[in-house]
Amino acid sequence: MLSGFLVLLAFLLAGDIAGYLFALPLPGPVLGMALLLGWLAWRRRPPPENLRTASMGILQYLSLLFVPAGVGVILHLERLQREWPAILGAVLAGTLISVGLSGLLLKALRAKREAQHD
Amino acid sequence: MIERLGGLWAHLQALPVFWLLLTLCIFQLASLLAKRSKGFPLANPVGLSILTLVLVLYFTGTSYQAYWAGGQWIHFLLAPATVALAVPLYQQQERIRSMLSPLLLTLAGGSLLAIASSVGIGWLLGASPSSLLSLAPKSATAPVAMGIVEKLGGIPSLTAAVVILTGVTGAVAAPWVLDRLNIREPAMRGFAMGLVSHGIGTARAFQENNEAGAFAGLGMGLNALMTSLLVPVLYRLVA
C-alpha cells in the first residue's frame with residue numbers, strides 16, 4: 001500500500017515538473033495521470049499489485065476529497081445571495097442538458113459505428 | 001479546570017485536527033444517511049457534508065481559513081487520487097480503443113455544450129460578466145477551471161464553488177437523466193458523467209461499477225484538456 005502510494009506521488013511530481021518545463025495549460029495531477037497511463041501502457045503488463053491496492057484504496061474515498069474545497073462556497077455567500085437565480089439556474093440546467101445530450105450523442109455515434117462495421 | 005471550559009471552544013476552533021475530524025465524521029454520517037435512504041437522490045454525501053459544514057462555520061462564526069487549516073489535509077489527497085485514475089483507465093484500455101472516435105467526437109460536442117449552455121443560461125438570467133466567466137469552465141476539474149479563469153482575469157474561488165456545485169448536481173441528477181434517456185451501458189453513462197461533472201461525477205460513477213468509473217475518469221481527464229483549449233478561444237470571440 002505504501003509503495004503503491006509512493007508511485008502515485010512520484011507520478012504526481014513528474015506531472016508537475018512536466019507542466020512547469022513545457023508551460024502546459026494542464027495541472028500537475030492531470031498530467032501525472034497521463035504519465036502513469038503512458039508508463040502502464042509501455043510496460044504491457046498488468047499494473048503492479050501495490051499500485052492497484054493504493055489506487056483503488058484512495059479512489060474509494062474520491063468524493064470525500066472534494067468536501068474541503070466545496071466548503072469554500074462560504075466565501076461567496078454575498079454574491080450568491082445577489083445572483084443565485086442566474087448562477088444556480090446556469091449550473092443546474094447547464095449540467096442536466098450537457099449530461100443528457102452527451103450521453104445521447106455517444107449512444108448515437110456508437111450505434112452508427114456498429115452499423116458500419118456490420 | 002472548570003474555569004477553563006469557557007475558553008475550550010476558542011481553543012478547538014483554532015485546532016486543525018478538530019476540523020479534520022469533524023469533516024470526516026460528517027462525511028461518515030452523510031454516507032450512512034445516503035445508504036439508508038437508498039436511492040433518494042438529494043442524499044448525496046458530498047452535497048450533504050458541504051452544506052452541513054457551511055452551516056457549522058456560518059453559525060459559529062469560524063473563518064474558512066481556520067477550517068482550511070484542517071481541511072487541507074484531506075484536500076491534498078485529491079492530487080494523488082487524480083493520478084490514481086490512470087489504473088482503472090488502463091484496465092479498460094481495450095474498450096476505450098474500440099470506441100475511440102465516438103468518444104472523441106462526444107468530447108468535442110459535450111465540452112462545447114457544457115460551456116455554451118451554462119454561459120447562455122446565466123446570461124439569460126442576468127448573471128454579471130464576472131460570474132459568467134466563472135461559469136464557463138464549470139465542467140472541468142477544479143484546479144483546471146480555476147487556472148483558466150485566473151488567466152482570463154476572473155475569480156478563481158468563485159469558479160471553485162461553481163465547479164463543485166456542478167459536480168454535486170451531476171452526481172445527484174445525472175444517473176436519473178441517463179435512466180430517463182434509456183442510456184444503460186456503463187461506458188456511456190460514465191463518460192457523460194465524468195465529462196460534465198468531473199471528479200464528483202466520477203466518484204458517483206464508481207458507485208455504479210468500475211467500468212463506469214474508468215470511463216468517467218477518461219471523460220474528466222479529456223474534458224480538462226478540451227475546456228482549457230476552448231474557453232480562452234471562446235472568450236476572445238465574445239469579449
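These numbers come from a predicted model, not from an experiment.

Within chain A, the secondary structure is distributed over five helices and zero strands. Order of helices (α) and strands (β) in chain A, N terminus to C terminus: α-α-α-α-α. If one aligns the C-alpha atoms of chain A with their principal axes, the spans along those axes are about 50 × 50 × 30 Å. Burial status across chain A gives 45% buried among its 118 residues. Partitioning the contacts of chain A with sequence separation of at least 6, the portion at a separation of at least 24 is 42%.

Bringing the interface of chain A and chain B into the picture now. On the chain B side, the residues contacting the 66 residues of chain A number 89 residues. Of all the elements in the fold, those that place two or more residues in the side of chain A that touches chain B are helix H1 (2-21), helix H2 (28-43), helix H3 (49-59), helix H4 (67-71) and helix H5 (77-117) of chain A. By residue number, the principal contributor to the side of chain A that touches chain B is H5(A), which donates 27 residues. Among the residues forming the side of chain A that touches chain B, the class breakdown is 45 nonpolar, 15 polar and six charged.

To continue, consider the packing of helix H2 (residues 16-36) of chain B against helix H3 (residues 45-60) of chain B. Residues and elements named next belong to chain B. Look at H2 against H3: their axes get within 8 Å of each other, and the N-to-C directions meet at 135°. Between H2 and H3, the angle falls in the class oblique. Crossing of H2 over H3 shows right-handed handedness. Facing Thr23, Ile26, Phe27, Ala30, Ser31, Leu33 and Ala34 of H2, the residues of H3 in contact are Pro45, Leu48, Ser49, Thr52 and Leu53. Grouping the constituent residues of the contact of H2 with H3 by class yields eight nonpolar, four polar and no charged.

So, about the domain arrangement of chain B. All names here are of chain B. As assigned here, chain B comprises domain 1 (1-76) and domain 2 (84-239). Of note, the centres of domain 1 and domain 2, computed from C-alpha atoms alone, are 27 Å apart. In this complex, domain 1 contributes five residues to the contact, which on the side of domain 2 involves six residues. Looking at side-chain class alone, the side of domain 1 that touches domain 2 contains three nonpolar, two polar and no charged residues.

Take helix H12 (residues 186-208) of chain B next. All names here are of chain B. Between its first and last C-alpha atoms H12 spans 8 Å; for 23 residues at 1.5 Å apiece the expected length is 33 Å, and the helix comes up short by more than 12%. Of all bends in H12, the biggest is about 145°, found at His198. Burial analysis of H12 places 21 of its 23 residues in the buried class, the great majority of the element.

Here we take up the nonpolar core. Core analysis: the largest hydrophobic core is formed by 108 residues, its most contacted members being Ala84(B), Ala86(B), Ile164(B), Phe191(B) and Ala192(B). Residue contributions to this core peak at 13 residues, all from helix H11 (residues 156-180) of chain B. Beyond its immediate stretch of four places on either side in the chain, Ala84(B) contacts Leu8(A), Ser55(A), Ile58(A) and Leu59(A).

Residues and elements named next belong to chain B. Where H11 meets H12, the closest approach of the two axes is 7 Å, and the angle between their N-to-C directions is 140°. Relative to H12, the element H11 lies oblique. Judged by the sense of rotation from one axis to the other, the crossing of H11 with H12 is left-handed. Along its contact with H11, which presents Thr166, Gly167, Val168, Thr169, Gly170, Ala171, Ala174 and Leu178, the element H12 presents Arg189, Ala192, Met193, Val196, Ser197, His198, Gly199, Ile200, Gly201, Ala203 and Arg204. Residues that form the contact of H11 with H12 fall into these classes: nine nonpolar, eight polar and two charged.

All names here are of chain B. Relative to the helices and strands, Arg95 is located in helix H7 (residues 93-98). The exposure class assigned to Arg95 is partly exposed, which follows from the 15 C-beta atoms found within 10 Å. Put simply, Arg95 and Leu55 are 40 residues apart on the chain and 44 Å apart in space, counted from C-alpha to C-alpha.

For the rest of this paragraph, the subject is the domain arrangement of chain A. Many authors give the size of an interface as the accessible area that is lost as the parts come together. Looking at the assigned domains, one finds that chain A contains domain 1 (1-60) and domain 2 (67-118). Computed over C-alpha atoms, the centres of domain 1 of chain A and domain 2 of chain A are 27 Å apart.

On to unusual backbone geometry. All names here are of chain A. Residues other than glycine seldom take positive phi values, yet Arg44 does so here, at roughly 55°. With respect to the helices and strands, the residue Arg44 is situated in the loop between H2 and H3. Judged by local crowding, Arg44 falls into the exposed class, with 6 C-beta atoms found within 10 Å.

Rules behind the numbers
Each chain has its residues counted from 1, following the order in which its sequence is written. Chain labels run from A onward and ligand labels from 1 onward, assigned in the order the entries are written. In view of the model being predicted, local features appear only for residues whose pLDDT reaches at least 70, and side-chain atom pairs are presented and counted only at 80 or more, with totals across whole chains, interfaces and linings using the full set of residues. Helix and strand assignments follow DSSP, with helices taken as H or I runs no shorter than four residues and strands as E runs no shorter than two, numbered in order from the N terminus. Exposed residues have 12 or fewer other C-beta atoms within 10 Å of their own C-beta, buried residues have 20 or more, and partly exposed residues fall in between, where C-beta atoms are placed from the backbone. We call two residues in contact when the distance between their C-beta atoms, placed using the backbone, is within 7 Å. Under this grouping Gly is polar, as are all residues other than the nonpolar Ala, Val, Leu, Ile, Met, Phe, Trp, Tyr, Cys and Pro and the charged Asp, Glu, Lys and Arg. Interaxial angle, 0 to 180 degrees, is taken between N-to-C directions of lines fitted to C-alpha atoms, where a helix line uses only the stretch in contact. Roughly parallel covers angles under 35 degrees, roughly antiparallel covers those over 145, roughly perpendicular covers 65 to 115, and oblique covers all other angles. By the definition used in this description, the sense in which the near helix is turned from the far one sets the handedness, with an anticlockwise turn below a right angle giving left-handed and a clockwise turn giving right-handed. Either an automatic procedure or a domain database provided the assignment from which the domain bounds are taken. One less than the number of residues in a helix, times 1.5 Å, gives the span that helix is expected to have. What the bend at a residue measures is the angle between two axes, fitted to the seven residues ending there and to the seven starting there. A set of buried residues qualifies as a nonpolar core if it consists of Ala, Val, Leu, Ile, Met, Phe, Trp, Tyr and Cys joined through C-beta atoms within 7 Å.

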